[in-house]
Amino acid sequence: MSSIPGTIDAPATRRRRRTLPAGLALPGAALAFTSLYLGAGVLTPLLVLYRQQWNFAPSLLTLAFAVYAIGFLAAVLTLGSLSDHVGRRPVLVGALVIQLASNVLFLVASDVGWVIAGRIVQGVASGAATAAFTAALVELAPSNRKRLGTILGSVGLTGGLGAGSLLAGLAIQFTSTANTIVFVVLIALTVLGAVVIALSPETMPRTSGALRSMVPRVAIPPAARTEFAAAAPVVAAVWMLAGLSGGLAPSMVRSVFHLDSGVLNGVTGFIAPAVAAVVGLTFARLDPRRAMTIGIHASLVGALGIIGGVFAGSLAVMIIGQAIAGVGFGASFTAALRLVFPLAAAHQRAGLVGGIYVVSYVAFGLPIVVEGQLTGPLGEVPAVVCYTALTVLLTLISLAAQTRITRRARG
């Protein structure tokens, strides 16, 4: 069929004119992904500010932090594989729209109820987008630099959490309108990210099975169960310590160490994920069994350092403990994935990923809510010590299991 003169006569041409080149699409997608975790990270010091403004109970502070895990798990278990069937762009744009809604909720929040709702919505956005963004970054990377996509995904997640906490802490310290500044900037980044994704090339063709992919799958293949059981306790421990850094440590700056500083609130939320990001990249080529052993010992030392800092009344010691715990996270969580994944067949990996997410985010959210409930009857310091002592116990369980596996391999 002939075209009308002066019009564009091929849908492919129209698509080409709307599509960003890969050189812009990759960094744009990385920025959009990072904005999701910047949004999660900024709440670390802002929750302390909200508590000062609205004077709610410590148990509500930990609840407001932890409900993120509910939204994340619900989304990742149902939507985590959807982009494999409908394409990356629809899922990513939808997730960024949900993230935009959460940013608006935080911007206009007038009490802790709005914050809790915003955290759940934020968790849904991150859970829906994380797997799709991780895949899209690798697919958008040049064919000879696929590792760059993996690096951008890793740094965007843990680095975004840390940077968000630090930047929000600085805003609290040096401005009187930190909440407005933070979320106006995040709204702008999210809108920009959604535009970039909408204009980026689609990297995954549509296939059948979209509805079937939304059925939650959590199953550990028999061949992977020994490794999974050995890794699960330390995975839970490092995610609990991540929850401590994000949900407890900033409020402890004021309530335990009697320091009123937005910067220190931000630093206590920044240090562990920042170290974890660097260590995860540094240890990527290390033998996974060795990395796991290093991670277990670092998690153990880090937890004891946090307890020691609390007992000694030394914020510096606690922050050093958090940094060492960040080494434990970066080493052991990456090693756990590398030890467990190769043992599952391709059709079993979705269920295995679901199992890892359940362990991680239940550990991230549930214990900290329990800690918040114990703060009243026990006091804040004893409740934090009990929480951290549980991570020590879980770490020792994994250490014993890893030792058995090593001895069995040598035998």
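The structure contained in this document is the topic of the report that follows. Given the structure is predicted, the values throughout are model-derived calculations rather than measurements.

## With respect to the overall build of the chain
Turning to step 1, where the next piece is worked out: From N to C terminus, the chain includes 15 helices and 0 strands.
Turning to step 2, where the next piece is worked out: Relative to the globule expectation of 22 Å for 411 residues, the C-alpha radius of gyration of the chain, 22 Å, shows essentially globular dimensions.
Turning to step 3, where the next piece is worked out: C-alpha extents for the chain along the principal axes are approximately 80 × 65 × 35 Å.
Turning to step 4, where the next piece is worked out: Each of the 411 residues in the chain was classed as buried or not, and the buried ones make up 52%.
Turning to step 5, where the next piece is worked out: Here the analysis covers contacts within the chain between residues at least 6 apart in sequence; of these, 85% occur between residues at least 24 apart.
Turning to step 6, where the next piece is worked out: Just so you have it, the chain exposes about 17,400 Å², and 69% of that area is on carbon and sulfur atoms.

## Observations regarding the packing of helix α10 (residues 225-255) against helix α12 (residues 288-312)
Turning to step 1, where the next piece is worked out: The interhelical angle for the contact between α10 and α12, taken along N-to-C directions, is 35°, at an axis separation of 11 Å. The hand of the α10/α12 crossing is left-handed. Side by side, α10 and α12 meet where E227, A231, V234, V238, L241, L244 and M252 of the first sit next to R289, M292, I296, S299, A303, I306 and V310 of the second.
Turning to step 2, where the next piece is worked out: Of the residues assigned to the contact of α10 with α12, the class counts are 11 nonpolar, 1 polar and 2 charged.

## Digging into the pattern of salt bridges
As a working rule, side chains carrying opposite charge can pair if their charged atoms are close by.
Turning to step 1, where the next piece is worked out: Under the definition given, this model contains 5 salt bridges.
Turning to step 2, where the next piece is worked out: Ionic pairing is found between E139 and R88, a salt bridge with its closest N-O pair at 2.7 Å. Remark: R88 occurs in helix α5 (residues 88-108) and E139 occurs in helix α6 (residues 112-140); sequence separation between them is 51 residues.
Turning to step 3, where the next piece is worked out: Residue classification places E139 among the partly exposed residues on the basis of a relative accessible area of 27%.
Turning to step 4, where the next piece is worked out: What makes R88 buried here is its relative accessible area of 5%.
Turning to step 5, where the next piece is worked out: E227 is paired through a salt bridge with R289; the nearest N and O atoms lie 2.3 Å apart. Of this pair, E227 sits in helix α10 while R289 is found in helix α12, placing the two residues 62 residues apart along the sequence. R289 shares its class with E227; the two are buried.

## Side note on the environment of E380
Turning to step 1, where the next piece is worked out: Mapping E380 onto the fold places it in helix α15 (residues 380-410).
Turning to step 2, where the next piece is worked out: The sequence separation of E380 and S255 amounts to 125 residues, and the corresponding C-alpha distance is 8.2 Å.
Turning to step 3, where the next piece is worked out: Once residues lying within four places of it in the same chain are set aside, the contact partners of E380 are S251, M252, S255, V256, E371 and T375.

## Some points on the nonpolar core
Turning to step 1, where the next piece is worked out: Judged by nonpolar contacts, the single largest core of 114 residues is most densely connected at L46, Y50, F133, F183, W239 and Y361.
Turning to step 2, where the next piece is worked out: Sequence-distant contacts of L46, that is, excluding residues within four places in its chain, are made with A168, I172, N179, V182 and F183.

What counts, and where the lines are drawn
Every chain is numbered on its own, with residues counted from 1 as its sequence reads. Local features in this predicted model are restricted to residues of pLDDT 70 or higher, and side-chain atom pairs are both shown and tallied only at a pLDDT of 80 or more, whereas totals for entire chains, interfaces and linings draw on every residue. As a rule here, side-chain values cover all heavy atoms of the structure and leave hydrogens and water aside. Secondary structure counts use DSSP, requiring at least four H or I residues in a row for a helix and at least two E residues in a row for a strand, with both numbered from the N terminus. Values of the radius of gyration come from C-alpha atoms, whereas the globule rule sets the reference at 2.2 Å times the count of residues to the power 0.38. Note on exposure labels: buried denotes an accessible area under 20% of the residue type's maximum, exposed denotes more than 50%, and partly exposed covers the range between, all computed with a 1.4 Å probe on protein chains only. Residue contacts are counted whenever heavy atoms from the two residues lie within 4.5 Å of one another. Per-residue and other accessible areas were derived by the Shrake-Rupley procedure at a 1.4 Å probe size, with only the shown protein chains allowed to occlude residues. A fitted line through C-alpha atoms serves as each axis, taken over the contacting stretch for helices, and the angle formed by two N-to-C directions is quoted from 0 to 180°. Put simply, a crossing is left-handed when the front helix is turned counterclockwise from the back one by less than a right angle, and right-handed when it is turned clockwise. Each residue is assigned to one of three groups, with Ala, Val, Leu, Ile, Met, Phe, Trp, Tyr, Cys and Pro labelled nonpolar, Asp, Glu, Lys and Arg labelled charged, and all others, Gly among them, labelled polar. Any Lys or Arg side-chain nitrogen located within 4 Å of an Asp or Glu carboxyl oxygen qualifies as a salt bridge. Grouping buried Ala, Val, Leu, Ile, Met, Phe, Trp, Tyr and Cys residues that are joined through side-chain atoms within 4.5 Å yields what is termed a nonpolar core.

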